[in-house]
Amino acid sequence: MTMSRPSTAVGSTDGSGLWVQAPPGTATALLASRCLVCRRTAFPACSPCLACAGPTVEAKLVGPARLDYLTDITVAPPGALIEPPYRVGVARFDDFGLAVIGLVSGAAARNSTVEPFVYEYRPGSMTFGFREIAEAERMTR
Amino acid sequence: MRDVVIAGVGIHPFGRFDVGYREMGEVAATRCLEDANTDPADVDLILVANVGAEMAKGHNIFGRVRHTGAPVINVEAACASGGSALALGASLIESGAQKSVLCIGVEKAPRGFIAESGFESWQIETGLGVNPLYFAIQADELIRESDTTVDDLADVSVKNHGHAVHNPNAMYRKEITRDEVLDSRSICDPLRLLMLCTPNEGAAAVLLMHRDEARRRALDDSVRLTGLGLVSKGPDDWFVPGASFRLDRTRLTERAADLAYRAAGIGPDDVDVVECQDTDSASELLAYSELGFCRRGEEADLLRSGATTIGGRIPVNVSGGLLSKGEPLGASGLGQIHELVTQLRADAGPRQVEGARTGLAHVMGAGHNACVVVVSR
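The rules behind the values
- Residues numbered from 1 in each chain as written.
- Chains lettered and ligands numbered in written order.
- Predicted model: local features only at pLDDT ≥ 70, side-chain atom pairs only at ≥ 80, totals over all residues.
- Heavy atoms only, no water.
- Helix = DSSP H or I, 4+ residues; strand = E, 2+ residues; numbered from the N terminus.
- Rg over C-alpha atoms; globule rule 2.2 N^0.38 Å.
- Buried < 20%, exposed > 50% of the residue type's maximum accessible area, 1.4 Å probe, protein only.
- Contact = heavy atoms within 4.5 Å.
- Lys, Arg positive; Asp, Glu negative; His and termini not counted.
- Charge placed at Lys NZ, Arg CZ, Asp CG, Glu CD.
- Areas by Shrake-Rupley, 256 points an atom, 1.4 Å probe, with all protein chains shown as cover.
- Buried area = accessible area lost by both parts, 1.4 Å probe.
- Salt bridge = Lys/Arg side-chain N within 4 Å of Asp/Glu carboxyl O.
- Polar contact = N/O pair within 3.5 Å; in protein donor to acceptor, adjacent residues only side chain to side chain.
- Nonpolar A, V, L, I, M, F, W, Y, C, P; charged D, E, K, R; others polar.
- Pairing = 2+ DSSP bridges.
- 1 Å grid on protein atoms, 1.4 Å probe; cavity = no way out; pocket = protein on both sides within 12 Å on 5 of 7 lines; lining within 4 Å.
- Points joined across faces, edges and corners; volume = space filled by probe spheres on them.
- Axes fitted to C-alpha atoms, helices over the stretch in contact; angles between N-to-C directions.
- Parallel < 35°, antiparallel > 145°, perpendicular 65-115°, else oblique.
- Left-handed = near helix turned anticlockwise from the far one by under 90°.
- Expected span 1.5 Å × (residues − 1).
- Disulfide = S-S within 2.5 Å.

Digging into the overall build of chain B
Scanning chain B from N- to C-terminus turns up 13 helices and twelve strands. The C-alpha atoms of chain B give a radius of gyration of 19 Å, which matches the 21 Å a tight globule of 377 residues would have. Referenced to the eigenvectors of the C-alpha coordinate spread, the extents of chain B come out at roughly 55 × 45 × 40 Å. Across the 377 residues in chain B, those meeting the buried criterion constitute 63%. Within chain B, counting contacts between residues at least 6 apart in sequence, those at least 24 apart form 76% of the total. Counting 37 positive and 53 negative side-chain charges, chain B places the averaged centre of each group 4 Å from the other.

What follows is the structure, given as structure tokens:
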């Protein structure tokens, strides 16, 4: 299938091409693409492949991923709508050979196993984030 | 490359000033032309590197120098703007298309975070548009994958501030201690405030001239631009503002360095002095291996050995680097060339690298740009 590159995901609830629509606070999948020729996974998705121009298919990045990096952001950068402090990390999806930068929920620790979820970063505004899978299981119980 | 002479250099100090970018650019250009003993009317082409100023910025600068009718072209490639202008100018001279090209770099950056580094709107609005975050991810990776410590990151800043004490064109000229760096505010773990450069103001200029033209004018042709590597994003590169990266990603600086060494016909062992993109302390350490001065994972050993301090085997950022000079984005790359030429002329005073005959400059910018330049005497 072909996918267009999202121009924005802010304030949307449908993922705007970045993640699979789901209610806030629930698990989701990141919408990546996989090239049928060079086999590279890309996030955000692209079509055709930006590396080799080959055709791509949809690839959904779901957990478990490993939280390789984690930091607190205490000063908002220009244009940010999220209120600091907030947390940002790098989730490593070994099966796809890819690491993704995103918001991280408060409880996740470095090196923990995480999954993408729909992060309501201010009332009514969604983006994707990463949370510890153990945390998700606790929420389910 | 054999025919590109660096006929002159000029600089307006880096820091914070009450004058505009036009005035700073004019100062650097005028000093450069005076240094080259060349009249503005003898410049065939003017390339102006800048990121944040208004339209026709280069025209507004050179319009204060002389109305010669020579074409002015503005060049923008984020932190690699100066290197990109230099690369374009050198290529035009080497090819014989131009006899003399004046490259001017200038910036008057606002205080605080650099905005608009190419992030998508969803990255900006969700708070991911933080430049230091992307440097911190690399710093953290370096610590995880080698024996580099946070103390080493602090020591890069200590070293470069020590070098800057003797550079009148640097913004910060006071020595600092490891504890001062470590005690400064955390920006993005593991980077503290004093491990990051300050976007600021300044200008630098370099006059490139074909060797035949320099000789015809009886100018000093002893300092030459002999190697050049300029690259942008390849399939597996990652830098600001990439939202994701491949686990087996490639390095822009390695490719740019390889091109520059090949063009110059030299290797890393032939380099005497280096000015590299120390946007943050870890970026300098990464450059050690990416430029070929050590193997991957041995960056901290090279620093600890003293090799990259003035007096060592391969002194790096003898000007104080961006960590001490600050980073006026459009000017920083040409400021590096100003320092290397000063070193190769043996005019650097207390910060002189003895016997320096080959220098290497390296810049890297948002949007995935890297430029490596070899300067030889």
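So, next bit.
Here's the deal with the overall build of chain A
Along the backbone of chain A there are one helix and eight strands. Along its sequence from the N terminus, chain A presents helices and strands in the succession β-β-β-β-β-β-β-β-α. Within chain A, the fraction of its 141 residues that count as buried is 51%. For chain A, restricting intrachain contacts to residue pairs at least 6 apart in sequence, the fraction spanning at least 24 positions comes to 49%. Surface exposure of chain A reaches about 6200 Å², of which carbon and sulfur atoms provide 53%.

Brief notes about the interface of chain B and chain A
Facing 31 residues of chain B, the contacting portion of chain A comprises 43 residues. Across the chain B to chain A interface the summed buried area is about 3000 Å²; carbon plus sulfur atoms make up 61%. Counting across the chain B and chain A interface gives four salt bridges. Aspartate 236 of chain B is the salt-bridge partner of arginine 40 of chain A, the closest N and O atoms lying 2.7 Å from each other. Applying the counting rule to chain B against chain A returns twelve residue pairs in polar contact (both at pLDDT 80 or more). At the level of elements, α4 (121-125), α5 (131-145), β5 (186-188) and β9 (244-246) of chain B are the ones that each hand at least two residues to the side of chain B that touches chain A. By residue class, the composition of the side of chain B that touches chain A is 17 nonpolar, six polar and eight charged. Sheet topology places strand β6 (residues 98-104) of chain A next to β9 of chain B; three bridges connect them, and they run antiparallel. Directly across from leucine 98 of chain A, in β9 of chain B, lies its bridge partner arginine 246 of chain B.

Overview of the layout of surface pockets
All names here are of chain B. Volume-wise, the largest pocket comes out at about 1100 Å³. As for the largest pocket, its lining consists of 48 residues, of which Gly112, Phe113, Ile114, Cys197 and Pro199 are closest to the centre. Mapped onto the lining of the largest pocket, the elements with two or more residues apiece are β4 (100-108), α5, β5 and β11 (358-365). For the lining of the largest pocket, the residue count by class is 29 nonpolar, twelve polar and seven charged.

Describing the packing of α5 of chain B against helix α10 (residues 281-290) of chain B
Residue and element names in this part refer to chain B. It is at 9 Å that the axes of α5 and α10 come closest, and there the two elements cross at 55 degrees. Considering the angle they form, α5 stands oblique to α10. The hand of the α5/α10 crossing is left-handed. Along its contact with α5, which presents Gln138, Ala139 and Leu142, the element α10 presents Ala282, Ser283, Leu285 and Leu286. Tallied by class, the residues present in the contact of α5 with α10 amount to five nonpolar, two polar and no charged.

Observations concerning helix α3 (residues 81-94) of chain B
Residue and element names in this part refer to chain B. Taking 1.5 Å of rise per residue, 14 residues should cover 20 Å, and α3 covers 20 Å from first to last C-alpha, within 8% of that figure. Here α3 lies mainly inside the structure; ten of its 14 residues are buried. The complete set of buried residues in α3 reads Ser81, Gly82, Gly83, Ser84, Ala85, Leu86, Ala87, Gly89, Ala90 and Ile93. Remark: glycine 96 follows α3 within two positions and exhibits a positive phi of approximately 90 degrees.

Digging into empty space enclosed by the protein
Residues and elements named next belong to chain B. Scanning all chains against the criterion turns up three cavities of 30 Å³ or more. Roughly 180 Å³ of volume is contained in the largest cavity. Lining the largest cavity are 16 residues, and of these Gln138, Phe239, Thr253, Glu290 and Met364 sit closest to its centre. Among the elements of the structure, α9 (252-264), α10 and β11 are those that each provide at least two residues to the lining of the largest cavity. Take the lining of the largest cavity: its biggest share by element is four residues, from α10.

Some points on helix α13 (residues 329-344) of chain B
Relative to the 22 Å expected for 16 residues at 1.5 Å per residue, α13 of chain B spans 24 Å between its end C-alpha atoms, a close match to the ideal helical length. Positive backbone phi, at 60 degrees, marks alanine 346 of chain B, one or two positions downstream of α13 of chain B.

Let's talk about the sheet that holds strand β2 (residues 41-42) of chain A
All names here are of chain A. The strand order β2-β1-β3 describes an open sheet built from three strands, whose pairing is antiparallel. Each edge of the sheet is formed by a strand with only one pairing partner; in this case those strands are β2 and β3 (56-61). Here two bridges tie strand β1 (residues 30-35) to β2, and the two strands are oriented antiparallel to one another. Looking at the pairing, serine 33 lines up with alanine 42 of β2.

Let's talk about unusual backbone geometry
With an omega of 0 degrees, the peptide bond running from serine 47 of chain A to proline 48 of chain A counts as cis. Within the element layout of this structure, proline 48 of chain A appears in the loop between β2 and β3. Unlike most non-glycine residues, asparagine 111 of chain A shows phi in positive territory, near 70 degrees. Along the chain, asparagine 111 of chain A falls in the loop between β6 and β7 (113-122). In the Ramachandran plot, alanine 78 of chain B falls in the positive-phi region, its phi being about 50 degrees despite a non-glycine side chain. Position of alanine 78 of chain B relative to the elements: it lies in the loop between β3 (72-75) and α3. Accessibility expressed as a relative area gives 11% for alanine 78 of chain B, which makes it buried.

Some thoughts on the state of the cysteines
Residue and element names in this part refer to chain B. Scanning the entire structure with this criterion turns up zero disulfides over all chains. Just so you know, cysteine 276 is unpaired, no disulfide at all, and the nearest cysteine sulfur is the one on cysteine 294, 11 Å from it. For cysteine 276, a relative accessible area of 1% corresponds to the buried category.

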